[in-house]
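Okay, here's what each chain looks like letter by letter:
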Amino acid sequence: MKKVLLLNGPNLNLLGTREPTQYGNTTLADVETQFVQAAARMGWDAECFQSNWEGALIDKIHEYGQWFKVGQAVGVVFNPGAFTHTSIALHDAIKGVDGLPVIETHISNVHAREEFRHRSWVSPVAAGIVVGFGVDGYLLALEGLHRIHQRSVS
Ligand code: CA2
């Protein structure tokens with residue numbers, strides 16, 4: 001079974017517990033359960049990983065780059081949180097794992113928020129971007145990854 005990674009960055013472990021007007025009431029555990037179930041329907045084995053540490057996120061991207069290279073992973077759905085707007089290291093990590101499709105996903109519409117959220121270092125190296133659909137965005141991103149994968153095998 002091919003692997004797919006749901007990767008969440010800093011503070012997303014707080015999802016559903018604070019700032020409900022911005023991020024909703026669904027917890028990260030709920031999101032992960034839905035993601036695993038939807039991935040299973042696609043015939044994929046989902047891993048979910050959240051970290052508040054930039055280096056841990058980079059290590060996961062490298063790991064999935066290796067899995068992708070040997071045909072054992074399909075890609076990554078990634079909400080980099082606030083690192084989106086600051087991290088050249090994440091940009092370089094995604095660029096460095098040649099071909100691994102990474103779908104950048106944001107719960108809120110970052111473009112309707114403060115100006116500092118309009119800049120993303122991840123977008124230029126992402127295979128696709130999903131923004132502003134609430135936590136449904138994670139499943140929409142998974143669907144996008146499925147379409148990318150179908151295209152690559154047909
Ligand atoms: O909209 C998104 O998904 C963001 O990636 C969320 C980040 C923010 O810095 C980005 O600009 C947009 C913040 C994640 C913090 O998540 C929390 C969730 C609940 C309570 C507190 C923080």
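Notes on the structure in this doc start here. Note that the coordinates shown come from a computational prediction; the quantities given were computed from them, not determined experimentally.

Details of the overall build of the protein
(1) Moving on: The number of helices and strands found in the protein is 5 helices and 5 strands.
(2) Moving on: If you list the helices and strands of the protein from N to C, you get β-α-α-β-α-β-α-β-β-α.
(3) Moving on: Counting only C-alpha atoms and orienting by the principal axes, one finds that the protein spans roughly 40 × 30 × 25 Å.
(4) Moving on: Classification of the 154 residues of the protein by burial places 44% in the buried group.
(5) Moving on: Long-range pairs, those at least 24 residues apart, make up 79% of the contacts in the protein between residues at least 6 apart in sequence.
(6) Moving on: On the protein, roughly 7800 Å² of surface is accessible, and the fraction owed to carbon and sulfur atoms is 52%.
(7) Moving on: In the protein, the 12 positive side-chain charges and the 15 negative ones have mean positions that sit 5 Å from each other.

A few points about the site of the ligand
(1) Moving on: In the region of the ligand, 17 residues are neighbours, and Asn79, His85, Ile107, Ser108 and Arg117 sit closest.
(2) Moving on: His85 is positioned such that a nitrogen or oxygen atom in its side chain is 2.7 Å from an oxygen atom of the ligand.
(3) Moving on: In this structure, His106 approaches the ligand through a side-chain N or O atom, which is 2.9 Å from an oxygen atom.
(4) Moving on: Computed on the free molecule, the ligand has an accessible area of 510 Å², of which 95% lies beneath the protein chains in the complex.
(5) Moving on: Comparing atom positions with the cavity grids shows the ligand to sit within the largest pocket.
(6) Moving on: Across the shell around the ligand, the residue classes tally to 8 nonpolar, 6 polar and 3 charged.

The rules behind each value
Within each chain, residue numbers correspond to sequence positions counted from 1 in written order. This being a predicted model, a pLDDT of at least 70 is required before a residue's local features are given, and a value of 80 or more before pairs of side-chain atoms are given or counted; all residues contribute to the totals for chains, interfaces and linings. To obtain the side-chain values, all non-hydrogen atoms of the structure were used and water was disregarded. Only DSSP runs of H or I reaching four residues or more are called helices, and only runs of E reaching two or more are called strands; each is numbered from the N terminus. In this scheme, a residue with accessible area under 20% of its type's maximum is buried, one over 50% is exposed, and one in between is partly exposed, where area comes from a 1.4 Å probe on protein chains only. We call two residues in contact whenever any of their non-hydrogen atoms come within 4.5 Å of each other. Accessible surface is estimated by sampling points in the Shrake-Rupley manner with a 1.4 Å probe; for residues, cover comes only from the protein chains shown. His is not counted here, nor are the chain ends, while Lys and Arg score as positive and Asp and Glu score as negative. The location of each charge is read from NZ of Lys, CZ of Arg, CG of Asp or CD of Glu. We call a residue near a molecule or strand when any one of its heavy atoms sits within 4 Å of it. Counting of polar contacts relies on pairs of N or O atoms within 3.5 Å, with two restrictions inside protein: one atom must be capable of donating a hydrogen and the other of accepting it, and residues adjacent in sequence are counted only when both atoms are side-chain atoms. Both site types are read off a 1 Å grid over the protein atoms alone. A 1.4 Å probe that fits but cannot get out defines a cavity, while an open set with protein on both sides within 12 Å along at least five of seven lines defines a pocket; lining residues have an atom within 4 Å of a point. Those molecules having more than half of their atoms within 2 Å of a cavity or pocket grid point set are described as sitting in that cavity or pocket. Under this grouping Gly is polar, as are all residues other than the nonpolar Ala, Val, Leu, Ile, Met, Phe, Trp, Tyr, Cys and Pro and the charged Asp, Glu, Lys and Arg.

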